[in-house]
Every structure is written in C-alpha cells, then in structure tokens.
Amino acid sequence: MKNKVIGNIILLVTGLSTLLIIAVIVYLISEVVIGGHHYITWDFLTKAPSDGMTGGGIFPAIIGTFSMVMIMSLMGVPIGTITAIYLHEYASKKQSFFTKMIRFAVNTLAGVPAIVFGLFGLGFFIQFIGSGVDKTLYGGQLHWGQPNLLWASLTMAFLTIPVVIISVEEALKNVPDDLRAGSLALGATKWQTIRKVVLPQSLSGIMTGTVLAISRGAGEVAPILFTGAAYFLPKLPHSLTDQFMNLGYHVYIMSTQSTDVEATKGIQYATVLVLLAITFSLNMIAVVIRYRHRMKLNK
Amino acid sequence: MSKKSKYNIKNSLDRKFRLGEFLIENFIKSISFLSFAVIILIFIFVFRETLPIFSPKELKPVKQEEVEMETYGDETTPTESDLSIQKRNDQAAVNGSTENQKEFKLADLAGKDWQPVSSEPKYGLLSLFIGTLKVTLLAVLFAAPIAISAALYTAVFAPRKTKEFIKPFIELLAGFPSVVIGFFALVTLATFLQDILGYQYRLNAFVGGIALSLAVIPIIYTVAEDAISSVPKIYTEASLALGANKWQTAIFVVLPAAIPGIFASLILGVGRAFGETMIVLMATGNAPLVSLGIFDPVRTLSATIGAEMAEVVFGDTHYNVLFFIGSLLFVITFVLNAIAEFYVRNKLLKRFKGEAN
C-alpha cells in the first residue's frame, strides 16, 4: 500500500515538472502573440521606424538580420560541412592526434559564451585584421577597422559552426557504410565516393544544419552588440562596411534604453513576435526535413 | 598489409598515390583545422587586449578626440556613459594634467566598487563576481530539480506517444533567443514576481535567476534525459525481475546509474548560465552591488561587458579590464566544459563497460 502511494507521488511530481515546463513555454508564446499581433501589418514589416521609434515599422531590422544571416551562412556552412566530412569520413577510428585536436576544438567552440565571441570579433577581426587592412590599404584611415556587417557576420559564422557540424555529422552517420563500400569496390576513389554517393544522401542533414544555424544566428544578440549592430540607421546596409539594424538588438535597446519605453511597448511585442516567428519556422523546417528524410530511409 | 618485395618493385597491393585525392584530403584537413585555429585565436586576441593592465602605468586621461573617433556602437543617441565620459573630460581639464590620476594596480581588480566611468575610476570585480554567482546559483537551483524530474518522467514513466511530443516541445524552449526570454522577464515576470513576493526592487537577482533558469532548463533536460535513456535496459530488467516495482527501479537503480550524465548536464547548465548575457542585461537591474540578498539588483560579469563595451574608448584601461573579464569568462566556461566532457567520458564509459559484463 505504501509503495503504491509513493509511486503515485513520484509520478505526480515528475509529471508536474514536465507540465510546468510546457506551461511556461505556452504562456510565453501566447504572451508575445497577444501583446504583439495587433501591430503586425504589412506596413509594419515593410516600413522604417519613425517618430523616434514610436511608429513606423521594422523593415531595416529585418533586412539587417537577413543580410547578416546570409553572409554568416555563406561562410559558416561550407566550413562546418567540410569539417564534418573530415571528422566522419577521413578521420580514422584510432583517433589520430589531429582528429582529437579538431574534436576538442569543436566541443570547446560549442561552449564558448556568445559575448566572448563578440570580444573575439572585436579583438581579432576589427582590431587586428580590420586595422591591419586600414594601415596597408588606406594609410591608417579608419575604413575596415570598425564595427560593420562583415565582421559581425564572420563572428556569428564561427559561433554557429558547431551547430552545422553536429547536424552534418549526424546525416553522414545515417548513410549506410555498405554504400561507401560498394562504391569503393567499383573503383571509385574516396573523394569520388563522398562527392557522388555520400553527400547527395546527406543533403538533408546539411540543410538541417544550415537552417538551425540560421535560426541561432538570427536570435543571438550578444556577439553583435559591439561588432556591428546599431539601433537607428537612416539607410539600409548596402555594403560590407555598413552597420546594420537587427531584430534582437532592436528589442533589447527598445525595451531598456529607448527614450519612451511605454509608448513603444506594442512595437516591442510585435518585434519579439516577428523574431520568434522566424526562429520557430526555421526550427520547424529543420524538424520537417529531418522527419521526411527519416521516412525516406525507412521505406 | 603490403608484402615487402626483395626487389624494390612496387607491390600491386600498395595504394596508388593520386594527386587529386591527396590535394582534396589536405584541403579538407586544413579547413577542419580552422576550428582549432579559431580557439587559439580567441585565446590570443582576447588575452591580447588585456595585456596593458599587467604593466603598471598611469590611468590614461580620456582625450576628447579619442572619444569622438573610436567609440563603438551607435553614435546617434548620447547615452549616460557618453555624458559621463564628457564629464570626466571636463573634470580632467579642470583638474589639470595626469598628476591627479591614480596608478592602476592589478590588486584594484579585487576591490569592491565597480565604477569605471567616474573621475576616480574603480575597477573592483568583486561585486560583479558576486552578482554572477548569485544569478547562476539561483538559476541552476531552480532549473535542476525541475529539469531532472521532467527528464526522469520523459525517459521512464511517459508513454511512448507522449514522449515523442514532450521531447521536441521542450527542445523548442532551447530554440528561444535569449533576448526573447529577457524581454519576457523584463516585462511580465518581474511584475508578476513583485506582486506575489512584494520586495522592493523590481529587477533583481531573483528575477534574473528565474529568467535564466528558463534558458538553462532545456540544456539540463536534454542531457539528463539522454543520460537516463542510455542506462542499459539490463539494469531495469534485472531490478524488475528481482521484485522491485517501477518507481523503485527508477529512483534506486536507473537514476544512480545515470548520475555521471546528470552531473555533466548540471555542469553544462552552469556553464551556460555563467556566460549568458542578454537575459541578465535585461532582467537584473544592472547595479554592481556587493550584497548577499537575492532581492537586490546585481550586475554580472557578462552583462558588464555587454553594456559597457559599446561605449568604451579603445585603448583605455576600462577597455582592457572589460577584455580581462571576457578572458575570465572564457577560461571558466572552458574549464567547466572540460570537466563535463572528461567526467562523462571516463566515469560513464568505465561504469558501463565494467559492470555490464
């Protein structure tokens, strides 16, 4: 009898904890949706802010986030994919020192706080490479040695590389070894096998990794706080040396430092809603890709 | 594998050297090396900007032109820091020259006050450390029981179909940008908690800790659930065969077996909480105080970097100290991650290899 009671209590406690987490997630989402959906109009999404941020839209922030994410993916996805290919296809099972080094580096990279990445962007890209380029090409004039779209995107690229690596490696693992063995037996070289047999099969994993990286990159604010994001810019970024507006950064500044926090409340909710919608849809797309790929494999 | 021929003829079993393959393999290797290179670069370049504080020198007075040319972040709205930098300039101009500036000693970092922007800058990290510790501890203390119970439920008690819904749903929380959680804390959670508990300051360590736990829960949950699910079925079956019922098995057999993984999940959670910036920036009140009360505003290490780096002057002592804080964060999270990985790999593998025979 006592056993049954205890068993039920434990079931209750653990079940309630699970429920609590789920409830908080649901509450958060509904909070944001209720508070912000009035403001999501076509104008809001396509116009620039006006009236000192109390009116207008968030178009520049969307474009800025989008541009940064594009450049980030252009750099991050290839590097991540190639690293994953090395780790899975070329690294021998007996784990040479080089392989251990790379694995350790990837795990460490995954654990570095986002703000330290920002410092890295500042200390390496802006102060070292940017200043160096300025000194040699522009005779010391400040051109590349300041926060801009390029440096912020590169910083974010390295932040999201571990995400890409994990997804691509998972996809590579799911390609059966028989396929590789068959291809090699027919006379193909290792790289030919990878290029023509393994990679096409793991394309869904690469896509998943890209989408997840984009989702992470769109939401992280800490690294771009001082490597390129700005709160109000009169023009859209049209070159790599421009600063850019960003959805997450916009929410942060608007809710903590704007001159009239109450008047912009609705816009804050709406911007958060847009950011959440983008993040969620990207994550959903990744889940769907993974699911469909699994279905295809199980046929 | 290849027979050594006495006559030095190339054996047909030897692998043929193909230039294309060789080049591609090394290209792939070099790109992979980038990840390692980046870690080294982070080490070098973050530490590089801290070096000036290790050689004793006078605090540099801020010159007017430096402020205009080299401040980062947006330059359109003058913020408080800008104004106080200007005030410092004026004060310095009034005071005369560098004679009045104190020398910066390394021991200054252990001081109590963090007032980098004032006529007598103080760089005491103690208040920041205490703030970080308070918030991190609160977050993990709150998140760990909830996440581990939820992981136990999902891995052991939940029916299969429910499990397939719960797991991805909670992993959804991991996908929330931390700005969103910070916003939620700033706008809703702070008011809610203040109404219930009735303390004085609306944004404080407690609110920050609860908000931070929202970000830490998915991490602890995912790794702990993985650890609990990975306990070999043999353990469960043996326990049930010996007459224990389901919950006795779960608590006294499965859970202890998963302890290395759960411990690792806690360490990863602490690491995440330590380095998290946006949530604490928005929800903790940002006041560097030295106090043990959890209802007082705090300022954490990462929030300090986030808030002040945009307005600091390049080359200034303040700038160097901020990078020093960043280096500390890097080293601490690095050590935490190394412990988690080392501990899990060794303890976990040993245990299962040894006992499952």
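Now for a quick tour of the structure.

Definitions and limits used
- Residues numbered from 1 in each chain as written.
- Chains lettered and ligands numbered in written order.
- Predicted model: local features only at pLDDT ≥ 70, side-chain atom pairs only at ≥ 80, totals over all residues.
- Heavy atoms only, no water.
- Helix = DSSP H or I, 4+ residues; strand = E, 2+ residues; numbered from the N terminus.
- Buried < 20%, exposed > 50% of the residue type's maximum accessible area, 1.4 Å probe, protein only.
- Contact = heavy atoms within 4.5 Å.
- Areas by Shrake-Rupley, 256 points an atom, 1.4 Å probe, with all protein chains shown as cover.
- Buried area = accessible area lost by both parts, 1.4 Å probe.
- Salt bridge = Lys/Arg side-chain N within 4 Å of Asp/Glu carboxyl O.
- Nonpolar A, V, L, I, M, F, W, Y, C, P; charged D, E, K, R; others polar.
- Axes fitted to C-alpha atoms, helices over the stretch in contact; angles between N-to-C directions.
- Parallel < 35°, antiparallel > 145°, perpendicular 65-115°, else oblique.
- Left-handed = near helix turned anticlockwise from the far one by under 90°.
- Phe/Tyr/Trp six-rings, centres within 6.5 Å; stacked < 30°, edge-to-face > 60°.
- Patch = residues over 30% accessible without salt bridge, like charges linked within 9 Å, V, L, I, M, F, W, Y side chains within 5 Å.
- Polar contact = N/O pair within 3.5 Å; in protein donor to acceptor, adjacent residues only side chain to side chain.

1. Comments concerning the overall build of chain A
Alright, step 1. Of the regular secondary structure elements, chain A holds 11 helices and two strands.
Alright, step 2. Scanning chain A from its N terminus toward the C terminus, one meets helices and strands in the order α-α-β-β-α-α-α-α-α-α-α-α-α.
Alright, step 3. Its C-alpha atoms give chain A principal-axis dimensions of roughly 80 × 70 × 35 Å.
Alright, step 4. Classification of the 299 residues of chain A by burial places 55% in the buried group.
Alright, step 5. Across chain A, contacts joining residues at least 24 apart in sequence account for 71% of those joining residues at least 6 apart.
Alright, step 6. Looking at chain A as shown, the accessible area adds up to about 13300 Å², and 67% of this sits on carbon and sulfur atoms.

2. Let's talk about the side chain of Thr193 of chain A
All names here are of chain A.
Alright, step 1. The residue Thr193 is located in helix 8 (residues 190–201) in this model.
Alright, step 2. For Thr193, a relative accessible area of 3% gives the class buried.
Alright, step 3. Those residues in contact with Thr193 that sit more than four places away from it in its chain are Arg180, Ser183, Leu184, Ala188 and Val198.

3. Regarding unusual backbone geometry
Residues and elements named next belong to chain B.
Alright, step 1. For Asn286, which is not a glycine, the phi torsion comes out positive at approximately 55 degrees.
Alright, step 2. Mapped onto the elements of the fold, Asn286 is located in the loop between helix 11 (278–283) and helix 12 (301–308).
Alright, step 3. Taking relative accessible area as the criterion, Asn286 reaches 24% and is therefore assigned partly exposed.

4. Some points on the interface of chain A and chain B
Alright, step 1. Listed as interface residues are 79 residues of chain A and, on the opposing side, 75 residues of chain B.
Alright, step 2. Counting the surface lost from both chain A and chain B, the interface buries some 7100 Å², and carbon and sulfur atoms represent 81% of this.
Alright, step 3. Together, Ile21, Leu28 and Leu119 of chain A form the three largest contributors to the area buried by chain A at its contact with chain B, with a combined 8%.
Alright, step 4. At the junction of chain A and chain B, the tally comes to zero salt bridges.
Alright, step 5. Elements represented by at least two residues in the side of chain A that touches chain B include exactly helix 1 (2–36), helix 3 (59–90), helix 4 (97–111), helix 5 (114–137), helix 8, helix 10 (247–256) and helix 11 (265–298) of chain A.
Alright, step 6. It is helix 1 of chain A that contributes the most residues to the side of chain A that touches chain B, 19 residues altogether.
Alright, step 7. Here the side of chain A that touches chain B is built from residues that sort into 54 nonpolar, 22 polar and three charged.

5. Focus: the packing of helix 4 of chain A against helix 1 (residues 19–48) of chain B
Alright, step 1. The contact between helix 4 of chain A and helix 1 of chain B brings their axes to 9 Å, and the two run at 55 degrees. Regarding the angle of helix 4 of chain A to helix 1 of chain B, the classification is oblique. Read as a crossing pair, helix 4 of chain A and helix 1 of chain B show a hand that is left-handed. Contacts between helix 4 of chain A and helix 1 of chain B involve Phe98, Met101, Ile102, Phe104, Ala105, Val106, Thr108 and Leu109 of chain A from the first element and Lys29, Ser32, Phe33, Ser35, Phe36, Val38, Ile39 and Ile42 of chain B from the second.

6. Topic: the packing of aromatic side chains
Residues and elements named next belong to chain B.
Alright, step 1. Applying the stated rule across the entire model yields 28 aromatic pairs over all chains.
Alright, step 2. Pairing Phe17 with Phe22 gives two aromatic rings, centres 5.4 Å apart and planes at 55 degrees, and the pair type is tilted.
Alright, step 3. With a relative accessible area of 43%, Phe22 lands in the partly exposed category.
Alright, step 4. Relative to Phe323, the ring of Tyr319 has its centre 5.1 Å away and its plane inclined at 55 degrees; by these criteria the two rings are tilted. Of this pair, Tyr319 and Phe323 both sit in helix 13 (residues 317–355), four residues apart, which is roughly one turn of that helix.

7. Quick look at the pattern of salt bridges
Alright, step 1. Counted under the stated rule, the structure contains eight salt bridges over all chains.
Alright, step 2. Close ionic contact of Glu220 of chain A with Arg216 of chain A constitutes a salt bridge, the shortest N to O distance being 3.3 Å.
Alright, step 3. Salt-bridge contacts for Glu308 of chain B lead to Arg299 of chain B; the nearest nitrogen and oxygen are separated by 3.1 Å. With respect to burial, Glu308 of chain B and Arg299 of chain B carry one shared label: buried.
Alright, step 4. Here the salt bridges do not stand alone but share partners, grouping Glu89, Asp177 and Arg180 of chain A into one network.

8. Focus: a nonpolar patch on the surface
All names here are of chain B.
Alright, step 1. A contiguous nonpolar patch, built from Ile40, Phe43, Ile44, Phe47, Ile259, Phe263, Val331, Val335 and Ile339 and spanning about 690 Å² of accessible area, is present on the exposed surface.
Alright, step 2. Ranked by the residues each element gives to the nonpolar patch, the list is headed by helix 1, at four residues.
Alright, step 3. Mapped onto the secondary structure, Ile339 falls in helix 13.

9. Here we look at helix 12 of chain B
Alright, step 1. Of all eight residues in helix 12 of chain B, seven are buried, a share of seventy percent or more.
Alright, step 2. All of the buried residues in helix 12 of chain B are Leu301, Ser302, Ala303, Thr304, Ile305, Gly306 and Glu308 of chain B.

10. Considering the environment of Ala84 of chain A
Residue and element names in this part refer to chain A.
Alright, step 1. Along the chain, the position of Ala84 falls in helix 3.
Alright, step 2. Spatially, the C-alpha atom of Ala84 lies 8.2 Å from that of Val164, the residues being 80 residues apart in sequence.
Alright, step 3. Setting aside anything within four residues of it in sequence, one finds Ala84 in contact with Ile165, Val168, Glu169 and Leu172.

11. Regarding the environment of Gly315 of chain B
Alright, step 1. Examined against the element boundaries, Gly315 of chain B turns out to sit in the loop between helix 12 and helix 13.
Alright, step 2. Here the alpha-carbon distance between Gly315 of chain B and Thr50 of chain B, two residues 265 residues apart in the chain, equals 9.8 Å.

12. Some thoughts on the packing of helix 5 (residues 160–174) of chain B against helix 7 (residues 205–229) of chain B
The relative placement of two packed helices comes down to the angle between their axes together with the axis-to-axis distance.
Residues and elements named next belong to chain B.
Alright, step 1. Relative orientation of the contacting elements helix 5 and helix 7 amounts to 140 degrees, with a least axis distance of 8 Å. With respect to each other, helix 5 and helix 7 are oriented oblique. Handedness of the helix 5/helix 7 crossing: left-handed. Listed contacts from helix 7 to Lys163, Ile166, Lys167, Ile170, Glu171, Leu173 and Ala174 of helix 5 are Leu214, Pro218, Tyr221, Thr222 and Glu225.
Alright, step 2. Here the contact of helix 5 with helix 7 is composed, by residue class, of seven nonpolar, one polar and four charged.

13. Digging into the side chain of Asn246 of chain A
Residues and elements named next belong to chain A.
Alright, step 1. Relative to the elements of secondary structure, Asn246 occurs in the loop between helix 9 (203–219) and helix 10.
Alright, step 2. At a separation of 2.9 Å, a polar atom in the side chain of Asn246 contacts the main-chain amide nitrogen of Gly248.
Alright, step 3. In this structure, Asn246 is in contact with Ala61, Thr65, Met68, Ile224 and Ala230, ignoring residues within four places of it in sequence.

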